[in-house]
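Spelled out, the chains give:
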Amino acid sequence: MTVGVTGASGAILAQKALALLEEDARVGQIFLVVTETGQRLFAEEMQIAAGDLKQLPARLLGHACGKIQVLPNKDVGAAIASGSYEVDSMVVIPCSMGTLGKIAGGLSDDLVSRAADVMLKEGRKLVLCVRDTPFSRIHLENMLRVQGAGAVVMPAALSYYHQPKTIDDLVTQYVCRVLAQIGLPQERMFRWMGSGTAKEAKA
């Protein structure tokens, strides 16, 4: 699968997604593509400088990550830029409104937007974790365009019904919901069972 990271606020969401995917035995390989503004995001929100991008997963997760392969965003000739290369799903987390606009307009001028375009044209799962507020009419129309083309638009709106105690509780629940959209439900996700009967899945 592919994980794209763009310059919208929410580096912690990308970090948690990579951590859960790296731990998931069902995931064989992860292609990580970070835009230039995505690299700036990690630097500003997590104090993790770009440096050698190949070392980014280890710096984010605190250990070597054999299943994560970093691809340069300028490499539009990478394998995931072709529909003939099978990638079953892609998540852009967080997804800036600029990247959303590119995908909605079919402007594949970098690897993140091209890989997303491939997912749509091949009928594969694409989840866009848009992160901005308030939404302008342009943002909303672009969301409708990509949703009509087959993408799942999942704003980074955090939930509170599971009575979170920490920021990590909030982040984990959201990311688990995202991964469920690509067929990777997580045991850590809180599942609502109805008022008075809600139970948290075993960690």
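Computed from a prediction, not measured in an experiment: that's the story for all the values here.

(A) Layout of the packing of aromatic side chains. In total, this model carries 2 aromatic pairs according to the counting rule given. Arranged with centres 5.9 Å apart and planes meeting at 70°, the rings of Phe-31 and Tyr-85 form a pair that is edge-to-face. Placement of Phe-31 in strand β2 (residues 30-34) and of Tyr-85 in the loop between β3 (68-71) and β4 (89-95) is noted, with a sequence separation of 54 residues between them.

(B) Quick peek at the pairing of strand β5 (residues 125-130). The element β5 is largely enclosed, with a buried count of 5 among its 6 residues. Pairing analysis gives 5 bridges linking β4 to β5, with the strands arranged parallel. Considered in β5, the bridge of Val-91 is made with Val-127. Where β5 and strand β6 (residues 152-153) come together, 2 bridges link them in parallel fashion. Looking across to β6, one finds that Leu-128 is bridged to Val-153. Read from β5 through helix α6 (residues 137-148) to β6, the crossover connection turns out right-handed.

(C) Up close: the packing of helix α4 (residues 97-105) against α6. Put simply, α4 and α6 touch, their axes get as near as 9 Å, and they point 45° apart. Our classification of the angle between α4 and α6 gives oblique. The crossing of α4 and α6 is left-handed. Contact with α4, carried on its side by Met-97, Leu-100, Gly-101, Ile-103, Ala-104 and Gly-105, involves His-139, Asn-142, Met-143, Arg-145 and Val-146 of α6 and no other residues of that element. For the contact of α4 with α6, the per-class residue count stands at 6 nonpolar, 4 polar and 1 charged.

Rules and cut-offs
- Counting restarts for each chain: residues are numbered from 1 in the order of the written sequence.
- Per-residue local features of the predicted model are confined to residues with pLDDT of at least 70, and side-chain atom pairs are confined, for both listing and counting, to 80 or more; whole-chain, interface and lining totals are unaffected and use all residues.
- The side-chain values count all of the structure's non-hydrogen atoms but skip hydrogen atoms and water molecules.
- Between rings of Phe, Tyr and Trp, where Trp is taken as its six-membered ring, a pair exists when centres lie within 6.5 Å; planes separated by under 30 degrees are stacked, by over 60 edge-to-face, and by other angles tilted.
- Every helix listed is a DSSP run of H or I at least four residues long, and every strand listed is a run of E at least two residues long, numbered separately from the N terminus.
- With a 1.4 Å probe rolled over the protein chains alone, any residue whose accessible area is under 20% of its type maximum counts as buried; one over 50% counts as exposed, and the rest are partly exposed.
- Paired strands are those between which DSSP finds at least two bridges.
- Orienting the strands away from the viewer, one traces the path from the first strand over the helix to the second; a clockwise path indicates a right-handed crossover.
- As a rule, the C-alpha atoms of each element are fitted with a line to give its axis, helices using only the stretch in contact, and angles between N-to-C directions run from 0 to 180 degrees.
- Roughly parallel means an angle under 35 degrees; roughly antiparallel, over 145; roughly perpendicular, 65 to 115; everything else is oblique.
- In this scheme the handedness of a crossing depends on how the near helix is turned from the far one: anticlockwise by less than a right angle means left-handed, clockwise means right-handed.
- Contacts between residues were defined by any pair of non-hydrogen atoms, one from each residue, lying within 4.5 Å.
- As a working rule, the residues Ala, Val, Leu, Ile, Met, Phe, Trp, Tyr, Cys and Pro are called nonpolar, Asp, Glu, Lys and Arg charged, and the rest polar, with Gly in that last group.

Nothing here speaks to function; it is all geometry.
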